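# Residue-level structural notes
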Amino acid sequence: MTKRFLWIGVAVFLSLFMMTTVATAQDEWLTHYEISGDVATPRYDETIEFCQRLAAHSDIAEFSGFGLSPQGRMLPLLIIDKDQEFDPNGTLTRNKAIVLFQAGIHAGEIEGKDAGLMLIRDILVREQNRNLLDSVVILFIPIFNVDGHERFGPYNRVNQNGPEEMGWRTTAQNYNLNRDFAKADTPEMKGWLSMFSYWLPDLLVDIHTTNGADYQYVITYATESNLNVAEPLRSWTADEFVPEIKERMEGSAFSFIPYVVPRKDHDVRTGLIHWTGGPRYSNGYGAAQNRPFMLIETHMLKPYKQRVKSVYELMRHVLGFAAEHTSRLKQVMRESDRVTAENFVGSYFPLAFKNDTSDSTMIDFYGVEMLKEKSEVSGGQRITWTGAARQYRIPYFDKNTPSDSARIPVAYLIPAEWSDLIARLQFHGIKVDYLSEPVELPISTYRFSNVEFNKESYEGHQTVKADREDISATRTYPAGTAVVRMNQRTARIAACLLEPGSSDSFFRWGMMNNILEEKEYVEDYVMEKIAAEMLAADVGLKAEFEQRLQSDAEFAKDPKQRLRFFYERSPYFDSSYRVYPIGKLMARIDLPLAD
């Protein structure tokens, strides 16, 4: 053999060896999803092991937990920081944009886990897009609902096209975590809230898979930019953040449109509606905390591979946006916090919204042909989609107007006996002070009427609605009374929890139902004597009673209602019945507060 051919042989051997070595290294870092041919997602233990390997491989990654589930599983958190400052209080970290991605809050909707593991692997191991870390810290929760994730099986998402097996929607305690951000019932959410308050991310993304109609889009989103959001965050979200992410996604061949909610019967031809998310949901919670929290919904009928790819691109583009606009992003967050702390007191805060169906914008929508026919099984209408692409011109009802509001006080005063509610406030990062001595204060509060309890349990609560009347009073508050001063950055979430008209208030969640229960009664024969004495002694009361007899026939013919009229106006009636125990201090008064 000549030297020439010998060298060729050696070169070919070395080339093949290097290719084999590279392929082996690549295979070592393939995720479970990739190894499966893009059809399967890993179990909890496999996910944790992959995260630990990433952290062991790279000194710019740290793997930790932010709590334990009811079944004892660690809630996983992967932190990526190029400067190895795995603490938000570090000098360098404070100047970076902190971006949180979370997956598996509904553990059957798991694209975010597989996309995130690949993206972080590509950054740490393959060193792709590593420049993003110059100005961004990544927080990644691969699985939030860890116990639900391990209720693993092929039949957990009847509406969903893959993966082959997946987790369950709710936790081991059957809570829906994406209804728990505000009320914080679960240990998982308490851990998340503590982690959130510790890191206070600048930008958050919550990744889901939708239900609903069929259409051509692979991925949709929801963000908050209504009056529930502070300025300048509101304008920044609508005018800067969302348009640029949409443009970047278009460049990756994924049309990016708002979350598809048909106005009627899964039929997009009737129009789409936009809803304002309350703080029980991730996107609404972000608004209440002055942070952009983008809700991602991939389309459940699209192949799993396509959905994972769309989320990978979305996560990559969000990081790119944050890296390119770090200074502007942090400026908007700081200014929104400042505006809330300095200007929120005395304003009227929207507590609820209604969709305005009288005003819409016409949009082009890429849908799928829909058929309705008589069902032999149900006897009703059966909906089917043929798969044929259709383009529609439809109305988009994207206007939401406040349907209720409340004036924000200087401070809320919470009696010490409501210690459970006080503790929940603190999980949200709300600063709570305490009176150091008794003080008599003029306050505003509410009296409730027309109380309506929900007939069925919802998320473990008997929720309640009621009309409320503003009342004023002077109350003496003892030492130890909790004081929530509203000149703080968390004032919006505090108002959402403490204003009873809010859809996510402690009151509406049924955590205060005992104040709506009457505990003391009077016998009719006793009240007959007292009522006669009251009529004889009070001319004004007699006139009021006679007017009520004339104007209300039901009242006039009901002896119990008539006696109740006098009982409620007697000194024996419980003055705290159906009165909100939390006081609103509207005047700026110096309070004696404990150090």
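As the structure is a prediction and not an experimental result, all values here were calculated from the model.

What follows deals with the overall build of the chain. When helices and strands are tallied, the chain shows 17 helices and 20 strands. Projecting the C-alpha coordinates of the chain onto the three principal axes gives extents of approximately 130 × 70 × 45 Å. Long-range contacts, defined here as pairs at least 24 residues apart, represent 78% of the contacts in the chain between residues at least 6 apart. Element-wise, carbon and sulfur atoms account for 50% of the exposed surface of the chain, whose accessible area totals about 27000 Å².

If you look at soluble globular proteins, the nonpolar side chains tend to sit buried side by side. By size, the foremost hydrophobic cluster in this structure holds 127 residues, and its most contacted members are Trp192, Leu314, Val484 and Met486. With eleven residues, the single largest contributor to this core is helix 10 (residues 304-324). Residues Met534, Phe545, Phe555 and Phe565 belong to the second largest nonpolar core, which totals 13 residues.

Within the element layout of this structure, Lys113 appears in helix 5 (residues 111-124). The charged side chain of Lys113 is buried without a salt bridge, its nearest counter-charge being Asp114 at 4.9 Å. Not counting the four nearest positions on each side in its chain, Lys113 is found in contact with Thr41, Pro42, Thr47, Ala103, Phe140, Pro142, Ile143 and His149.

Residues lying three or four places apart along an α-helix face the same way, a consequence of the helix completing one turn every 3.6 residues. Between the first and last C-alpha of helix 11 (residues 326-343) there are 25 Å, a value that for 18 residues agrees with the 26 Å anticipated at 1.5 Å per step. Elements in contact with the buried residues of helix 11: helix 4 (91-94), strand 3 (97-103), strand 5 (203-209), helix 8 (233-251), helix 10 and helix 13 (491-498).

Moving on, we come to the packing of helix 15 (residues 539-551) against helix 17 (residues 559-568). At their nearest, the axes of helix 15 and helix 17 sit 12 Å apart, and the two run at 150 degrees to each other. Taken together, the axis directions place helix 15 and helix 17 in an arrangement best described as roughly antiparallel. Between helix 15 and helix 17 lies a crossing of right-handed hand. The segment helix 15 lies against helix 17, with Leu541, Glu544, Phe545, Arg548 and Leu549 engaging Gln561, Arg562, Phe565 and Phe566.

Note that predicted coordinates carrying low pLDDT should not be read in detail. Here the chain averages 94 in pLDDT, and 96% of its residues register 70 or above. In the model, residues 1-23 has pLDDT below 50 throughout and makes one contact with residues more than four positions away in sequence or in other chains.

A word on the environment of Thr31. Along the chain, the position of Thr31 falls in the loop between helix 1 (3-28) and helix 2 (32-35). Sequence separation between Thr31 and Leu563 is 532 residues, and the spatial gap between their C-alpha atoms is 74 Å. Look past the residues within four positions of Thr31 in its chain and what remains in contact with it is Phe50, Leu117, Met118 and Arg121.

One ladder, built from 13 bridges, connects strand 12 (residues 361-374) with strand 13 (residues 381-397); its direction is antiparallel. Its bridge partner lying in strand 13, Lys374 is registered against Gln381. If you look at the hairpin formed by strand 12 and strand 13, you'll find six residues sitting between the two strands, and Gly379 has a positive phi there, around 85 degrees.

Quick look at helix 5 now. Taking 1.5 Å per residue as the helical rise, helix 5 with its 14 residues ought to reach 20 Å, and the 20 Å between its terminal C-alpha atoms agrees with that figure. A large share of helix 5 lies buried, amounting to 14 of its 14 residues.

The next subject is the sheet that holds strand 7 (residues 256-258). Strand order in the open sheet made by the eight strands is 1-2-4-3-5-10-6-7, with mixed pairing throughout. Bordering the open sheet on either side are strand 1 (61-68) and strand 7, each of which pairs with just one other strand. Here the average twist between neighbouring strands, direction ignored, is 25 degrees.

Structurally, Thr326 is set in helix 11. Residue classification places Thr326 among the buried residues on the basis of a relative accessible area of 8%. In this structure the side chain of Thr326 is engaged in a polar contact, spanning 2.6 Å, whose partner is the backbone oxygen of Ala322. Once residues within four sequence positions are removed from consideration, Thr326 is found in contact with Asn95, Lys96, Ala97 and Ser135.

Tallied over the full model, the rule gives 48 salt bridges. Two residues, Glu240 and Arg328, come together in a salt bridge whose shortest N-O distance is 2.7 Å. Residue Glu240 is located in helix 8, and its partner Arg328 is located in helix 11; the two are separated by 88 residues in the primary sequence. Classification of Arg328 by relative accessible area gives partly exposed; the value is 30%. When the shortest N-O distance is used, the salt bridge between Glu244 and Arg248 registers 2.9 Å. Taken together, the residues span about one helical turn, with Glu244 and Arg248 both in helix 8 at a distance of four residues. Put simply, Asp180, Lys183, Asp185, Asp420 and Arg424 are held in one network by salt bridges that share partners.

With that out of the way, let us pick up the packing of helix 14 (residues 524-537) against helix 17. When two helices pack together, their arrangement is captured by the angle between the axes and the distance separating the axes. The interhelical angle for the contact between helix 14 and helix 17, taken along N-to-C directions, is 60 degrees, at an axis separation of 9 Å. When the axes of helix 14 and helix 17 are compared, the pair comes out oblique. The crossing of helix 14 and helix 17 is left-handed. Contacts between helix 14 and helix 17 involve Asp524, Met527, Glu528, Ala531, Met534 and Leu535 on the former and, on the latter, Lys560, Leu563, Phe566 and Tyr567. Residue classes in the contact of helix 14 with helix 17 are distributed as seven nonpolar, no polar and three charged.

Reading guide: rules and limits
Residues numbered from 1 in each chain as written. Predicted model: local features only at pLDDT ≥ 70, side-chain atom pairs only at ≥ 80, totals over all residues. Heavy atoms only, no water. Helix = DSSP H or I, 4+ residues; strand = E, 2+ residues; numbered from the N terminus. Contact = heavy atoms within 4.5 Å. Areas by Shrake-Rupley, 256 points an atom, 1.4 Å probe, with all protein chains shown as cover. Core = buried A, V, L, I, M, F, W, Y, C linked by side-chain atoms within 4.5 Å. Buried < 20%, exposed > 50% of the residue type's maximum accessible area, 1.4 Å probe, protein only. Lys, Arg positive; Asp, Glu negative; His and termini not counted. Salt bridge = Lys/Arg side-chain N within 4 Å of Asp/Glu carboxyl O. Expected span 1.5 Å × (residues − 1). Axes fitted to C-alpha atoms, helices over the stretch in contact; angles between N-to-C directions. Parallel < 35°, antiparallel > 145°, perpendicular 65-115°, else oblique. Left-handed = near helix turned anticlockwise from the far one by under 90°. pLDDT = per-residue confidence, 0-100. Pairing = 2+ DSSP bridges. Polar contact = N/O pair within 3.5 Å; in protein donor to acceptor, adjacent residues only side chain to side chain. Nonpolar A, V, L, I, M, F, W, Y, C, P; charged D, E, K, R; others polar.

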